[in-house]
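Working through the structure, step by step
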Amino acid sequence: MDYKVIRSSRKTLSIQITEEAEILVRAPYRMSDSEIRKYLKQHEGWVEQHLIKMKERRRQAASIPRITPDRLNELADEAMSVIPDRVRYYAGKMGVTYGRITIRNQKTRWGSCSSKGNLNFNCLLMLAPPEVLDYVVVHELCHRKEMNHSPKFWQEVEKVIPDYRRWRQWLKDNGGQLPLSML
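The text that follows walks through the structure, step by step, so that each part is easy to find.

The rules we used
- Residues numbered from 1 in each chain as written.
- Predicted model: local features only at pLDDT ≥ 70, side-chain atom pairs only at ≥ 80, totals over all residues.
- Heavy atoms only, no water.
- Helix = DSSP H or I, 4+ residues; strand = E, 2+ residues; numbered from the N terminus.
- Rg over C-alpha atoms; globule rule 2.2 N^0.38 Å.
- Buried < 20%, exposed > 50% of the residue type's maximum accessible area, 1.4 Å probe, protein only.
- Phe/Tyr/Trp six-rings, centres within 6.5 Å; stacked < 30°, edge-to-face > 60°.
- 1 Å grid on protein atoms, 1.4 Å probe; cavity = no way out; pocket = protein on both sides within 12 Å on 5 of 7 lines; lining within 4 Å.
- Points joined across faces, edges and corners; volume = space filled by probe spheres on them.

Looking only at helices and strands, the protein features six helices and eight strands. Secondary structure of the protein in N-to-C order comes out as β-β-β-α-α-β-α-β-β-β-α-α-α-β. In terms of overall size, the protein is more extended than a compact globule, its C-alpha atoms giving a radius of gyration of 21 Å where 183 residues would be expected to give roughly 16 Å. By the burial criterion, 40% of the 183 residues in the protein qualify as buried.

In structure tokens, the structure reads:
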């Protein structure tokens, strides 16, 4: 098993499987190579399982259609005309305020809410069902009440979107299949 060791002033060992399906071991400076090998051997099952998952993700990603910069701009324009209305509607319904709304093409997030109440949304939401967009909008607005993902936060989401679990699961199952940008 090939792996790369990254040493630092940390106190514990950790294993990371990168997007490229490489194994990184983060280790304290003073830890011996034999201790690192022993640790890897103890976690061999976990490593193999995650390598398989990452290789499958890479295989799937290769089959996802690419989106052109022009199409991405169209989606961003569409998002700017649709999302602020949805935010206004749900913010009024929920009794929350918000700051600036920004549309981006993010690789790992569908939306985010800053501590100042500024909202960011991924333009690729325009390719998802409208219920998914509404779920993401409500999710971010609920952070205006709870800046965490505690049970209380999820109760707030459920008050507005009773079947939010369905749309959250849709994003987990299908979000990675939406076209990737060519940027």
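Now for the packing of aromatic side chains. For the coordinates displayed, the defined rule picks out four aromatic pairs. Seen in terms of ring centroids, Phe-153 and Trp-154 are 4.9 Å apart; in terms of plane orientation they differ by 85°. Their pairing is edge-to-face. By the burial criterion, Phe-153 is buried, and Trp-154 matches it. Grouping aromatic residues by their ring pairs yields a cluster made of Tyr-135, Phe-153, Trp-154 and Tyr-164.

Reported here for the second largest pocket is a volume of approximately 260 Å³. If you trace the second largest pocket, you find 14 residues lining it, with Trp-110, Gly-111, His-139, Glu-140 and His-149 closest to the centre. Per-element tally for the lining of the second largest pocket: the top contributor is helix α4 (residues 130-142), with four residues.

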